[in-house]
Amino acid sequence: MNAMAPPGLGQDHGRRFSITGTIPTLAVLFTVLAELAAGAPSQMPSRKQLVSSLQSLVNGEWVLLFLGVIIAAFLLQPLQQQLVRWLEGYPLTRGVGVLLGRPLIARWRRRWERLTALQQRVDPRPEDLPVMAEAAARLAKLPRAPERLMPTRLGNMLRAAEDRPAETYGLDTVAAWPELYAVLPERTASLVDDARDQLDMTCRMTAAFAVMGALSAAILPFSRWTFLAVAFLLTSALTYRSAISAGENYGRLVNAAVNLHRFDLLTAFHLPLPATPDEERARFRALSIRLRQGLPATEPYEHTSA
């Protein structure tokens, strides 16, 4: 997702900074410093060496260590949205990244075609219905148009959620999300914010475990300690699966916000409410183009008394 990716405009950024920034950064720094303090890479790490190194630190060094973590988390915080986009697979859709991205998208396209064929069976038998239902459920997690497929599962999950309001109502959620978020009730906005926090946290922890695994493989001598690097990489893969679940939940809540409060967006713009679904799609398409391109309003306003 693009403009939908940032947290809500009214969210508590101090809480987000503490959760999504400090914890993953602390995990990476603590792991690397612990391995170095234990004697790596010049010798085999040992608990005795680690304890000795920690006990030798004076108060001032502990303060500098704490400040280093906070500064690192602060500097990395603006990269949060970009990190989610990386895990969605956007770098694999342009430049040299397409060398890997094209085969991945082709794989997803074959899966999309197979599921579409299963869902659209002609004259299905009763025993085919569960298979068709399963195919439909899996297709719901993919973009409806094959040209919109992304290289990664997370990217396809979020893009499907991003496209659904445009397909159903004509509303470009990416273009309209800042304005739509501003009219959401506090409870709805809180649910969306919490889901976004969970997505950000799992994405950052996925990257943190991957970095910890790569750095551990480089720092630790090749020995039984190599299994620690492998464990970090496996944990990164498992955390990515959690990010997929978090992305599905976030997309579902964003779609729910659109379903329930899209007319509040028209009311906030003082535009007349549509009478039919066709009129609704036409109105939201026009509003989406206006917001996406920054065009001036051309429709007559409708002012209602409070």
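This text goes with the structure placed above it.
Residues numbered from 1 in each chain as written. Predicted model: local features only at pLDDT ≥ 70, side-chain atom pairs only at ≥ 80, totals over all residues. Heavy atoms only, no water.

## Observations concerning the overall build of the chain
Rule in force here: By definition, any uninterrupted DSSP run of H or I lasting at least four residues is a helix, any uninterrupted run of E lasting at least two residues is a strand, and each is numbered from the N terminus. Exposed residues in this analysis have more than 50% of their type's maximum accessible area, buried residues have under 20%, and partly exposed residues fall in between, with area computed by a 1.4 Å probe over protein chains only. Each accessible area value is a Shrake-Rupley result obtained with a 1.4 Å probe; residue values ignore everything except the protein chains displayed when judging cover. Positive charges come from Lys and Arg alone, negative charges from Asp and Glu alone, with His and the N- and C-terminal ends not counted. Throughout, a charge is located at the NZ atom of Lys, the CZ atom of Arg, the CG atom of Asp or the CD atom of Glu.
Secondary structure summary: the chain contains eleven helices and zero strands in total. Counting only C-alpha atoms, the chain reaches 75 × 55 × 35 Å along its principal axes. Classification of the 306 residues of the chain by burial places 42% in the buried group. Accessible area for the chain stands at about 16,900 Å²; split by element, carbon and sulfur atoms hold 64% of it. Across the chain, the centroid of the 33 positively charged side chains sits 9 Å from that of the 27 negatively charged ones.

## Describing the packing of helix α5 (residues 98–119) against helix α6 (residues 129–139)
Condition: Only the stretch in contact is used when fitting a helix axis, every axis being a line fitted to C-alpha atoms; angles between N-to-C directions are given from 0 to 180 degrees. By the definition adopted for this analysis, an angle is roughly parallel if under 35 degrees, roughly antiparallel if over 145, roughly perpendicular if from 65 to 115, and oblique otherwise. Each crossing gets its handedness from the near helix: less than a right angle anticlockwise from the far helix is left-handed, clockwise is right-handed. The contact criterion used is simple: two residues touch if any of their non-hydrogen atoms lie within 4.5 Å. Each residue is assigned to one class: nonpolar for Ala, Val, Leu, Ile, Met, Phe, Trp, Tyr, Cys and Pro, charged for Asp, Glu, Lys and Arg, and polar for all the others, Gly among them.
For the pair α5 and α6, interaxial distance at closest approach is 8 Å and the crossing angle is 140°. Compared by their axis directions, α5 and α6 come out oblique. As α5 runs across α6, the sense of the crossing is left-handed. Within the contact between the two elements, α5 uses Trp112, Leu115, Thr116, Leu118 and Gln119 and α6 uses Val131, Met132, Ala135, Ala136, Arg138 and Leu139. The class makeup of the residues in the contact of α5 with α6 is eight nonpolar, two polar and one charged.

## Concerning the packing of helix α7 (residues 153–169) against helix α10 (residues 226–268)
Where α7 meets α10, the axes come as close as 8 Å, and the angle between the chain directions of the two elements is 10°. Classified by the interaxial angle, the pair formed by α7 and α10 is roughly parallel. Here α7 contributes Arg153, Leu154, Met157, Leu158, Ala161, Arg164, Pro165 and Tyr169 to the contact with α10, which in turn contributes Tyr240, Ala243, Ile244, Gly247, Glu248, Tyr250, Gly251, Asn255, Val258, Asn259 and Arg262. Tallied by class, the residues present in the contact of α7 with α10 amount to eleven nonpolar, four polar and four charged.

## Describing the packing of aromatic side chains
As a reminder, the rule being used: Pairing of aromatic rings covers Phe, Tyr and Trp, the last through its six-membered ring, and needs centres within 6.5 Å; plane angles under 30 degrees mean stacked, over 60 mean edge-to-face, and all others mean tilted. Lysine NZ or arginine CZ positioned within 6 Å of the ring centre and within 35 degrees of the ring normal marks a charge as sitting over the ring.
Enumeration over the complete set of coordinates arrives at two aromatic pairs. The ring of Tyr90 carries the charged tip of Arg85 above its face, separated from the ring centre by 4.0 Å.

## What about the pattern of salt bridges?
Rules: Basic side-chain nitrogens of Lys or Arg form a salt bridge, by our definition, when they fall within 4 Å of a carboxyl oxygen of Asp or Glu.
For the structure on display, the rule yields 16 salt bridges. Salt-bridge contacts for Glu134 lead to Arg138; the nearest nitrogen and oxygen are separated by 3.0 Å. Here Glu134 pairs with Arg138, and both are found in helix α6, just four residues apart, close to one helical turn. The closest approach of N and O atoms between Glu167 and Arg144, which form a salt bridge, is 3.2 Å. In this pair, Glu167 sits in helix α7 while Arg144 sits in the loop between α6 and α7, placing the two residues 23 residues apart along the sequence.

## Thoughts on a positive patch on the surface
The condition that has to hold: A patch consists of residues exposed above 30% relative accessible area that lack any salt bridge, with like charges linked at up to 9 Å and nonpolar side chains (Val, Leu, Ile, Met, Phe, Trp, Tyr) linked at up to 5 Å.
Among the surface-exposed residues, Arg107, Arg110, Arg153 and Arg241 lie close enough to one another that they form a single positively charged patch. Relative to the elements of secondary structure, Arg241 occurs in helix α10.

## Here we look at the nonpolar core
As a reminder of what qualifies: In these notes, a set of buried Ala, Val, Leu, Ile, Met, Phe, Trp, Tyr and Cys residues joined through side-chain atoms within 4.5 Å is what counts as a nonpolar core.
Of all hydrophobic cores here, the largest spans 31 residues; its most connected members are Leu154 and Leu265. Mapped by element, the contributors of at least two residues to this core are α4 (80–88), α7, α8 (173–182), α9 (186–219), α10 and α11 (277–293). Ranked by the residues each element gives to this core, the list is headed by α10, at ten residues. Here Leu154 is in contact with Leu87, Glu88, Leu199, Cys203, Tyr240, Ala243, Ile244 and Gly247, once residues within four sequence places are set aside.

## Some thoughts on the environment of Asp278
Applicable threshold: Each polar contact in these results corresponds to two N or O atoms within 3.5 Å; when the atoms are within protein, one needs to be able to donate a hydrogen and the other to accept it, and residues that are neighboring in sequence are counted only if both atoms are side-chain atoms.
Positionally, Asp278 belongs in helix α11. Residue class for Asp278 comes out exposed when judged on its relative accessible area of 56%. Separated by 69 residues in the primary sequence, Asp278 and Phe209 have C-alpha atoms spaced 48 Å apart. Within polar-contact distance, the side chain of Asp278 engages the side chain of Arg281 at 2.7 Å.

Interpretation note: all reported values are geometric properties and have no functional meaning in isolation.
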